[in-house]
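# Commentary on secondary and tertiary structure
Here is how the chains run, residue by residue.
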Amino acid sequence: MFATYLIGLREGLEATLVVSILVAFLVKSQRRDRLPQVWAGVGLAVALSVLFGWLIEYTSTSLLARSEDRELFEAITSVAAVVFVTWMIFWMRKAARTIAGELRGKLTEALAVGSLAVAGMAFLAVIREGLETALIFYSAAQGAAGDSGPLLALIGGIVTAVVLGVLLYASALRINLSKFFTWTGALLILVAAGILKYGVHDFQEAGVLPGLGDLAFDITTLLDPTTWYAALLAGMFNVTPAPTVLETIAWIGYAVPVLVLFLRPTRRTPAPGAATSAPAAPSTPEPAVMSAPARTSPPTTTVTERGADAGAEAEAASAPQRA
């Protein structure tokens with residue numbers, strides 16, 4: 001159940017942050033009249049996400065009569081969920097620093113178009129998270145038919161995310177979102193590896209892949225499936241005591257390289273224009289300050305105190321700089 005709670009927390013917090021950015025922009029821009037359109041778009045996205053999740057479950061339990069067809073459907077949804085998880089994790093890692101500015105820019109354009117554009121902007125910002133949540137939850141909760149625990153864990157994660165988002169919006173709580181998304185991203189990679197392993201097992205049961213009876217190892221005596229810790233490992237990361245060879249290859253082949261790529265340090269690219277500075281005077285060994293234009297004439301005036309009055313600052317702005 002912790003895996004589904006983590007899914008709800010991670011996806012819910014992403015959606016909550018997106019909505020809070022949109023709401024904060026409208027409030028600060030004195031455009032509270034557009035807030036109903038934002039909430040309408042959010043509500044429609046949530047409703048369609050729930051409908052999508054129900055449709056997946058209904059297809060698996062009612063529309064597919066043969067067990068082989070159900071296994072194949074679950075395998076395909078598992079692979080699709082892994083693709084979405086991987087894309088979402090790396091996208092959030094890359095876009096975390098610029099998402100607020102991009103959303104504000106898109107919302108500004110939507111405000112110029114009209115109310116329907118604002119609602120559509122909020123809808124598109126949330127629907128991606130909702131559809132991903134429904135698909136990933138279905139894949140992660142396979143094998144728990146008749147058990148309401150995974151659903152309650154997912155709801156609990158979403159509720160926690162909403163509470164955190166509200167507190168962040170109200171500035172009552174400050175957390176390091178970069179570290180949060182890094183740690184939860186690493187855990188979700190392990191969850192996705194387990195989902196992929198489950199999908200490979202379903203492909204084997206459906207007869208698409210061979211080797212259903214070829215076990216990589218059997219440590220049932222060490223990892224008793226009836227114990228709580230074995231159930232925890234199986235529920236979170238689909239670690240089982242007797243996996244097949246293909247399942248093991250899939251789990252390791254996905255988890256190891258993706259974790260390495262995700263956790264490796266990233267180079268921060270300088271902001272546009274940050275690397276461009278004014279040329280220094282010929283006699284100055286250090287670069288000139290970016291905010292003041294460089295002059296070819298010899299430096300004559302220096303302003304070093306930050307507490308200078310406005311007149312001195314204006315004079316310093318027009319005077320050449322000297323190291």
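Model, not experiment: these values are computed from the prediction.

### Looking at the overall build of the protein
Along the protein, the regular secondary structure elements total ten helices and zero strands. Moving toward the C terminus, one meets the helices and strands of the protein in the order α-α-α-α-α-α-α-α-α-α. With 323 residues in all, the protein has 39% of them scored as buried. The contacts in the protein between residues at least 6 apart in sequence include a share of 75% that link residues at least 24 apart.

### Some points on the pattern of salt bridges
Taken as a whole and judged by the stated rule, the model has six salt bridges. Between Arg-66 and Asp-69 there is a salt bridge, with the nearest N and O atoms lying 3.0 Å from each other. The partly exposed category is assigned to Asp-69, whose relative accessible area is 27%. Ionic contacts of the salt-bridge type, sharing partners, join the residues Arg-31, Asp-33 and Arg-34 into one network.

### Things to note about the environment of Gly-149
Within the fold, Gly-149 resides in helix H6 (residues 149–169). In this structure, the C-alpha to C-alpha distance between Gly-149 and Tyr-5, residues 144 residues apart in sequence, is 9.9 Å.

### Points about helix H8 (residues 228–237)
Those residues of H8 that sit buried are Ala-230, Met-236 and Phe-237. What you see down the axis of H8 is that its buried residues fit within an arc of 140 degrees, all on one side. Phi for Asn-238, located one or two positions after H8, is positive at around 55 degrees.

### A short note on the nonpolar core
If you look at the biggest cluster of nonpolar residues, it comprises 32 residues, and the most contacted ones within it are Ile-89, Leu-188, Ile-189 and Tyr-254. Of all the secondary-structure elements, those providing two or more residues to this core are helix H1 (2–28), helix H3 (67–95), helix H5 (115–140), helix H7 (177–205), H8 and helix H9 (245–263). Among the elements that take part in this core, H7 stands out by supplying ten residues, more than any other. With sequence-adjacent residues up to four places away left out, Leu-188 is seen in contact with Leu-6, Ile-7, Arg-10, Val-85, Met-88 and Ile-89. Ranked by size, the runner-up nonpolar core spans 24 residues in total, among them Val-19, Ile-21, Leu-111 and Val-118.

### Examining the confidence of the model for the protein
When the pLDDT values of the protein are averaged, the result is 76; 77% of them are 70 or greater. Put simply, helix H10 (residues 310–318) is where the protein has its lowest mean pLDDT, 41, and H9 is where it has its highest, 94.

Definitions and limits used
Residues numbered from 1 in each chain as written. Predicted model: local features only at pLDDT ≥ 70, side-chain atom pairs only at ≥ 80, totals over all residues. Heavy atoms only, no water. Helix = DSSP H or I, 4+ residues; strand = E, 2+ residues; numbered from the N terminus. Buried < 20%, exposed > 50% of the residue type's maximum accessible area, 1.4 Å probe, protein only. Contact = heavy atoms within 4.5 Å. Salt bridge = Lys/Arg side-chain N within 4 Å of Asp/Glu carboxyl O. Arc of directions from axis to C-beta. Core = buried A, V, L, I, M, F, W, Y, C linked by side-chain atoms within 4.5 Å. pLDDT = per-residue confidence, 0-100.

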